[in-house]
Amino acid sequence: MRKVRILLADDHRQFLMMVERLLASTCEVIGSVPDGQSLFDAARRLAPDVIVTDISMPILNGIEASRQLNESGCTAKIIFLTVHSDANFVETCLAIGAFGYVAKSRFDIDLIPAIKEALPGHTFVSPTFSYYPPP
């Protein structure tokens, strides 16, 4: 069985390397990019299964890049990996089609479960965020 193909986007290179190390044994990291425009371009070119992206990035933020990817027909499952804890961010990200919202402080605990939930189309939100899905 083939490994899940992951594309990473974050403007902090050291953090990207930590995430790559975490995912290396269970997933295939097919690329990592430092900004939203590069995310859009790489996702269209590489066709990943899952995109793990930060929100705050240069050129194009992760939310706008994800919105544009969804509008362009990209089928990758999007998971946000971020420090933004405001419920409005969670709601916005899920409203544009994201399947996960993971706290950077819990990436080593929550990211792999978020990926496993996203693949069949389920949503995962780190328990540190005060988000309650609508009934």
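This is a predicted model, so every value here is computed, not measured. For every chain, the first residue of its written sequence is number 1, and the numbers climb from 1 along that sequence. Totals for whole chains, interfaces and linings use all residues, but because this is a predicted model, local features are given only for residues with pLDDT of at least 70 and pairs of side-chain atoms are given and counted only at 80 or more. Note: side-chain values were computed over all heavy atoms of the structure, leaving out hydrogens and water.

With that settled, consider the nonpolar core. Leu39, Ile51, Leu69, Phe80, Cys93 and Tyr101 are the most contacted members of the largest nonpolar core, which totals 26 residues. Of all the elements, helix H2 (residues 36-46) adds the most residues to this core, at 4 residues. Only heavy atoms matter for contacts: two residues are in contact if any of them lie within 4.5 Å across the pair. Among all residues touching Tyr101, those that are not within four sequence positions of it are Ile55, Ile79, Phe80, Thr82, His84, Phe89, Val90, Cys93, Phe124, Val125, Ser126 and Phe129. Put simply, buried Ala, Val, Leu, Ile, Met, Phe, Trp, Tyr and Cys residues joined by side-chain atoms within 4.5 Å make one nonpolar core. Each residue gets one of three labels from its accessible area relative to the maximum for its type: buried under 20%, exposed over 50%, partly exposed in between, using a 1.4 Å probe on protein chains only. Strands here mean DSSP runs of E at least two residues long; helices mean DSSP runs of H or I at least four residues long; both are numbered from the N terminus.

Okay, the pairing of strand E4 (residues 77-82) next. The element E4 is largely enclosed, with a buried count of 6 among its 6 residues. Every second residue of E4 is oriented toward a common face, with Lys77, Ile79 and Leu81 on one face and Ile78, Phe80 and Thr82 on the other, all of them buried. Bridge analysis of strand E3 (residues 50-53) against E4 gives 4 bridges, and the strand direction is parallel. Paired with Val52 across the strands is Ile79, a residue of E4. In this view, the connection linking E3 to its parallel neighbour E4 by way of helix H3 (residues 62-71) has right-handed handedness. Relative to strand E5 (residues 100-103), E4 runs parallel, the two sharing 4 bridges. Pairing of Ile79 across the sheet is with Gly100, part of E5. In the classification by handedness, the crossover that spans E4, the intervening helix H4 (residues 87-95) and the parallel E5 is right-handed. Should DSSP find at least two bridges between two strands, the strands are taken to pair. With strands facing away from the observer, any crossover in which the path from the first strand over the helix to the second runs clockwise is taken as right-handed.

Along the chain, Lys104 falls in the loop between E5 and helix H5 (107-118). Here a polar contact means two N or O atoms within 3.5 Å. Within protein one must be a hydrogen donor candidate and the other an acceptor candidate, and residues neighboring in sequence count only if both atoms are side-chain atoms. Reaching out from Lys104, the side chain makes a polar contact with the side chain of Asp10 at a distance of 2.8 Å. Within the structure, the side chain of Lys104 is placed 3.2 Å from the side chain of Asp54, a separation counted as a polar contact. Those residues within four positions of Lys104 in sequence are excluded, and the remaining contacts are Asp10, His12, Phe15, Asp54, Leu81, Thr82 and Val83.

Right, let's get into the packing of aromatic side chains. Here a Phe, Tyr or Trp ring, Trp counted by its six-membered ring, pairs with any other such ring whose centre lies within 6.5 Å, and the pair is stacked when the planes are under 30 degrees apart, edge-to-face when over 60, and tilted otherwise. A full pass over the atoms with the stated rule returns 1 aromatic pair. Where Phe15 meets Phe107, the ring centres are 5.1 Å apart and the plane angle is 70°; that geometry is what we call edge-to-face. Of this pair, Phe15 sits in helix H1 (residues 13-23) while Phe107 sits in helix H5, and the two are 92 residues apart along the sequence. Of the residues examined, Phe107 reaches a relative accessible area of 13% and is grouped as buried. Directly above the aromatic system of Phe99 lies the positively charged group of Lys77, at a separation of 4.5 Å from the ring centroid. Should the NZ of a Lys or the CZ of an Arg lie within 6 Å of a ring centre and within 35 degrees of the ring normal, that charge is described as sitting over the ring. When the ring centre of Phe15 is taken as reference, the NZ or CZ atom of Lys104 above it lies at 4.7 Å.

The next point concerns the pattern of salt bridges. For this document, the term salt bridge refers to a Lys or Arg side-chain nitrogen within 4 Å of an Asp or Glu carboxyl oxygen. Scanning the entire structure with this criterion turns up 5 salt bridges. When the shortest N-O distance is used, the salt bridge between Arg13 and Glu20 registers 3.5 Å. What makes Arg13 partly exposed here is its relative accessible area of 44%. Here the salt bridges do not stand alone but share partners, grouping Asp10, Asp54 and Lys104 into one network.

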